[in-house]
Amino acid sequence: MRNKTRKRIQRQLDKAIRIINQSVESDKSWAGRFYVRQKESQYYKHDSCLRVTLEFVDKQANYIEEKSLDYLQDDDFFVSDLFWEMNDFIIKNLNNSKEW
């Protein structure tokens, strides 16, 4: 049972990451400059929680930032949380770079 739950949560997370990457890639302002990828994950059985380490990448500035997030089972807000995290990464990265 644990493996089925973990796999289902992992598929939901993969889908959320694809949505984020596709939306940033299709954005005319960023043109695929930024993306997010999963580095590692750990499943907590008692909480049905998947703790993931995500890498937010800026291809133009060669800047990578890691963040750890908890993805709970049936958490509908995770896609919006990922959008907020990506937005924070973009804003912080653009404020620190001279390329903007």
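To start, this report covers the structure provided alongside it. (Residues numbered from 1 in each chain as written. Predicted model: local features only at pLDDT ≥ 70, side-chain atom pairs only at ≥ 80, totals over all residues. Heavy atoms only, no water.)

A closer look at the nonpolar core
Formed by 22 residues in total, the largest nonpolar core has its most connected members in Phe 34, Leu 54, Phe 78, Leu 82 and Met 86. If sequence neighbours within four positions are ignored, Met 86 has contacts with Ile 20, Val 24, Phe 34, Tyr 35, Val 36 and Phe 56. (Core = buried A, V, L, I, M, F, W, Y, C linked by side-chain atoms within 4.5 Å. Buried < 20%, exposed > 50% of the residue type's maximum accessible area, 1.4 Å probe, protein only. Contact = heavy atoms within 4.5 Å.)

Details of the packing of aromatic side chains
Counting across every chain of the model gives 4 aromatic pairs. Residues Trp 30 and Phe 34 carry aromatic rings whose centres are separated by 5.5 Å and whose planes lie at 80° to one another, so their mutual orientation is edge-to-face. When sorted by exposure, Trp 30 lands in the same class as Phe 34, which is buried. Centroid distance Phe 34 to Phe 89: 5.9 Å. Interplanar angle 90°. Geometry classified as edge-to-face. Here Phe 89 lies in helix 2 (residues 78–96) and Phe 34 lies in strand 1 (residues 34–44), a separation of 55 residues in the sequence. An identical accessibility class is assigned to Phe 34 and Phe 89; each is buried. Joined through ring pairs, the aromatic side chains of Trp 30, Phe 34, Phe 56, Tyr 63 and Phe 89 make up one cluster. Over the face of the ring belonging to Phe 56 we find Lys 67, whose NZ or CZ atom lies 5.8 Å from the ring centre. (Phe/Tyr/Trp six-rings, centres within 6.5 Å; stacked < 30°, edge-to-face > 60°. Helix = DSSP H or I, 4+ residues; strand = E, 2+ residues; numbered from the N terminus. Lys NZ or Arg CZ within 6 Å of the ring centre and 35° of its normal.)

A look at the pattern of salt bridges
Applying the stated criterion to the full structure yields 8 salt bridges. Taking the shortest distance from any N to any O, the salt bridge between Glu 65 and Lys 67 comes out at 3.7 Å. Just as Glu 65 is buried, Lys 67 falls in that class too. A salt bridge links Lys 67 to Glu 85; the nearest nitrogen and oxygen atoms lie 2.6 Å apart. You can see Lys 67 sitting in strand 3 (residues 63–72) and its partner Glu 85 sitting in helix 2, a full 18 residues away along the chain. A single burial state applies to Lys 67 and to Glu 85, both of which are buried. Ionic contacts of the salt-bridge type, sharing partners, join the residues Arg 37, Lys 39, Glu 55 and Glu 66 into one network. (Salt bridge = Lys/Arg side-chain N within 4 Å of Asp/Glu carboxyl O.)

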